[in-house]
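Overview (structure and organization)
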Amino acid sequence: MEEPKQKSMPTLPWMRSPIDVSQFDHCPLNLLPRLDPRLEEALKNIGIDSLFPVQFAVWQETIGPGAFERDLCVNSPTGSGKTLAYALPIVQMLSNCTLKCLRALVVLPTRDLALQVKEVFAAIAPAVGLRVGLAVGQSSVADEISELVNRPNLEVGIYDPEGPPVELQTSVDILVATPGRLMDHINTTKGFTLEHLRYLVVDETDRLLREAYQSWLPTVLHMTHSTEQGMYAHERKPCRSMLGSLNTIRRFGVERGFKGKTHPRLVKMILSATLTQDPSKLSQLDLHHPLFLTTGARRYRLPEKLESYQLICESKLKPLYLAALLQDIGGEKCIVFTSSVDSTHRLSTLLNSFDGLPFKISEYSGLQRQSIRSKTLKAFRAGEIQVLVASDAMTRGMDVEGVSNVINYDMPAYIKTYIHRVGRTARAGRTGRCFTILRKDEVKRFKKCLQKADGKDCSSYSLPAGSVEALRVIYYSALEKLKESVESEASRWRSARSKSVQSRKTKEDVNSTYNYSATPWELEDVAK
Ligand SMILES: Nc1ncnc2c1ncn2[C@@H]1O[C@H](COP(=O)(O)OP(=O)(O)OP(=O)(O)O)[C@@H](O)[C@H]1O
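Residues numbered from 1 in each chain as written. Predicted model: local features only at pLDDT ≥ 70, side-chain atom pairs only at ≥ 80, totals over all residues. Heavy atoms only, no water.

1. Brief notes about the environment of serine 391
- You can see serine 391 is positioned in the loop between β16 (387-390) and β17 (405-408).
- Here the alpha-carbon distance between serine 391 and lysine 416, two residues 25 residues apart in the chain, equals 14 Å.
- Sequence-distant contacts of serine 391, defined by excluding residues within four places in its chain, comprise Phe337, Thr338, Ser340, Val341, Thr344, Tyr364, Ser365 and Gly366. (Helix = DSSP H or I, 4+ residues; strand = E, 2+ residues; numbered from the N terminus. Contact = heavy atoms within 4.5 Å.)

Laid out in C-alpha cells, this is it:
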C-alpha cells in the first residue's frame, strides 16, 4: 500500500500560521509565570527543574496569556515532553476546583501508554489535592468502578443499584483511559458522567483517529456538547446532592468560552509527533478556534541527538547480522522492530535459540496477552531484559529510561512508523542510535523515506571484522531449533483447535499465552 503523498502546504488555514516551538527555550520553574508553588515542589521532587520548549509554549497558551481560549494541536517530536505539556496546565487549572467531579479526560490508544501517562499526573496532581483515575481494564470492572464512582452507602451495604436514584458522582478529577474501557463505563457504569468535563486530551491523535474504537469520540463529544437546553438544564433538575446541585453550563455557538466569556467550554488538546493534517480526520474533533504548535518548518522531525545508521546485507542473513549487531551493542537496552506480530514472535524465538548471546531477549507484541506484555515491559524497565523484540502498534509513545538503541529489523514502510520507532531512544535531549537493516534493493526507497523527515543521510555501519562469520555456525543451529519450535507450536495449535471444537474453555486456556486465531507461523518467513 502506498503512503499518501505528503503535501507541502497544510490544507487547513489555521495550520498555515503555526506557533513555532523551536523559538521557545527551556524555562526554569522559578521563572514560570503563575506556577502554583505546590506544583513547583512536586516537579522538583521528580527531578524536573525547568520546562522543555514545548511545555513552555503550551503553558503560554493555557495558563499564560493564551488562557485556554483556543483548542491546541501540538505536533512535537518524540521524547520532547508532550505529556507534561498538557498535564501541568490541566492540573494547575483544576487545583482551584473544590467539588470533586470528573473534569479532565485523557484518551490514549494502549493500556501501557495510559499507565505511563497516569504516572505523570499522579506525580503532580495529589500535591494540589486532585485525584487521578485509570480506566484501562487493568483490574476488574467492579474494582475500577469503585475507584471511579462514589457510592455513598456502599460501605454499609445498603446501596441498591436497582433502588431509587441516589447521588452518584465520579470520584476522580482526572481520568486517563483507553477508548474501549471508557466506552464500557459510559455505557454501563452508573454515576459515571462526562457532564462536567472541561478538558479533553487526545494523545497520539493520529493513531486514535485512525480507528473508530466503538465510536468513542462522537460519543464523548455528544455527551459534552453545548446545547441551548444545556444552559437551562440546571433549572429543571431537582437538587440532588447534599453539596448542592452540581451543574456545568455550556453555551451553544462559536462564542462559547471565547474571548472573556465565563461559560465553560470543553477545551481540547490533541498531540502527536506525527499529527495528521487531514481535514476530514481533524474535523471529527470539532475543534474550537484551533491553534497549531509545531517544531520548525518540517512536518516531521527526528530527535536532535539521534544518530542513524544503515546496515546492508542479504535477506536470508538478516538474523545473523542482527545477532552480530546486538553483540556489538554489548547488552545496552535496545528495541528491535519487525513488521508484524508473527515475525516478532519468530525473531524472538530465533534469537533466544542463539547459543552464547549474553543478554536477555523478550518478545513484546499484540499477539500476546496484556498481562504478559505488562510483565515484559516491567522487566525491560527494570533492566532484567536487555532486548525487546517488538511490533509497532504496542510501542508508540513508550518511554523507557536507558533505551540507547533502536534497530529496524524490517524497514518501516512509512516515515511516520520510522519516526515513532526511532523515537523510543534519544528522548528528552539524550543521545541515542538507530540502526536499519536493509536489503540492497531497499536502500534507495529508505533514503527517499528519510528525506521526508529532516533530510539527513544515514551513514553505513560497519560491524567489527569477523563478527558475522564467528556467529554463522551458531546461526544455522539456531535455525534448526527455530524449526523444531515452530513445528511444536503448530502441533499444539492444531490439537488445541480440535479440542476446542468439543470444549470452548480448552481453547481459551491454550490461548492464554498466545492468540492462536491466526495460522501457525511459517518458518520460511523468518529471514524476510
Ligand atoms: N521538563 C522536563 N525535564 C526533564 N525531563 C522531562 C521533562 N519533561 C519530560 N521529561 C522526560 O522526558 C521524557 C519524554 O517525555 P514524554 O514521554 O512526555 O515525551 P513525548 O513527547 O510524549 O514522546 P512520544 O511522542 O514518544 O510519546 C520522559 O522520560 C519524561 O520524564
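2. Concerning the site of the ligand
- Neighbouring residues of the ligand: 18 residues in total, closest Ser50, Gln55, Lys82, Thr83 and Asp399.
- Within the backbone of serine 80, one N or O atom sits 3.2 Å away from an oxygen atom of the ligand.
- Residue lysine 82 places a side-chain N or O atom 2.7 Å away from an oxygen atom belonging to the ligand.
- The protein chains hide 82% of the 650 Å² of surface that the ligand would expose on its own.
- Mapped onto the shell around the ligand, the elements with two or more residues apiece are β3 (50-51) and α3 (82-94).
- Classifying every residue of the shell around the ligand gives five nonpolar, eight polar and five charged. (Near = heavy atom within 4 Å. Polar contact = N/O pair within 3.5 Å; in protein donor to acceptor, adjacent residues only side chain to side chain. Areas by Shrake-Rupley, 256 points an atom, 1.4 Å probe, with all protein chains shown as cover. Nonpolar A, V, L, I, M, F, W, Y, C, P; charged D, E, K, R; others polar.)

3. Points about the sheet that holds strand β9 (residues 174-177)
- In spatial order, the strands read β1-β12-β4-β11-β10-β5-β9-β6; together these eight strands make up an open sheet with parallel pairing. Only two strands of the sheet have a single neighbouring strand rather than two, namely β1 (19-20) and β6 (132-135).
- Bridge count between β6 and β9: four bridges; the pairing is parallel. Within β9, the position partnered with valine 132 by the bridge is isoleucine 174. (Pairing = 2+ DSSP bridges.)

4. Some details on the packing of aromatic side chains
- Inspection of every chain in the model, using the stated rule, returns 10 aromatic pairs.
- Judged by centre distance (4.9 Å) and plane angle (50°), the ring pair of phenylalanine 68 and tyrosine 199 falls under tilted. Linking phenylalanine 68 in the loop between α2 (53-62) and β4 (72-75) with tyrosine 199 in strand β10 (residues 199-203), this pair joins segments that are 131 residues apart in sequence. Pair check on accessibility: phenylalanine 68 and tyrosine 199 agree, each one buried.
- Plain terms: the ring middles of tyrosine 309 and tyrosine 461 are 5.3 Å apart, the flat faces sit at 65° to each other, and that makes the pair edge-to-face. Remark: tyrosine 461 occurs in the loop between β19 (459-460) and α16 (467-502) and tyrosine 309 occurs in strand β13 (residues 306-312); sequence separation between them is 152 residues. For the pair tyrosine 309 and tyrosine 461, one class covers both residues: buried.
- Chaining the aromatic ring pairs together yields one cluster made of Tyr309, Phe435 and Tyr461.
- Geometry around tyrosine 409 places lysine 318 over its ring, the cationic atom sitting 4.7 Å from the centre.
- Over the aromatic face of phenylalanine 380 sits the side chain of lysine 333, whose NZ or CZ is 5.6 Å from the ring centroid. (Phe/Tyr/Trp six-rings, centres within 6.5 Å; stacked < 30°, edge-to-face > 60°. Buried < 20%, exposed > 50% of the residue type's maximum accessible area, 1.4 Å probe, protein only. Lys NZ or Arg CZ within 6 Å of the ring centre and 35° of its normal.)

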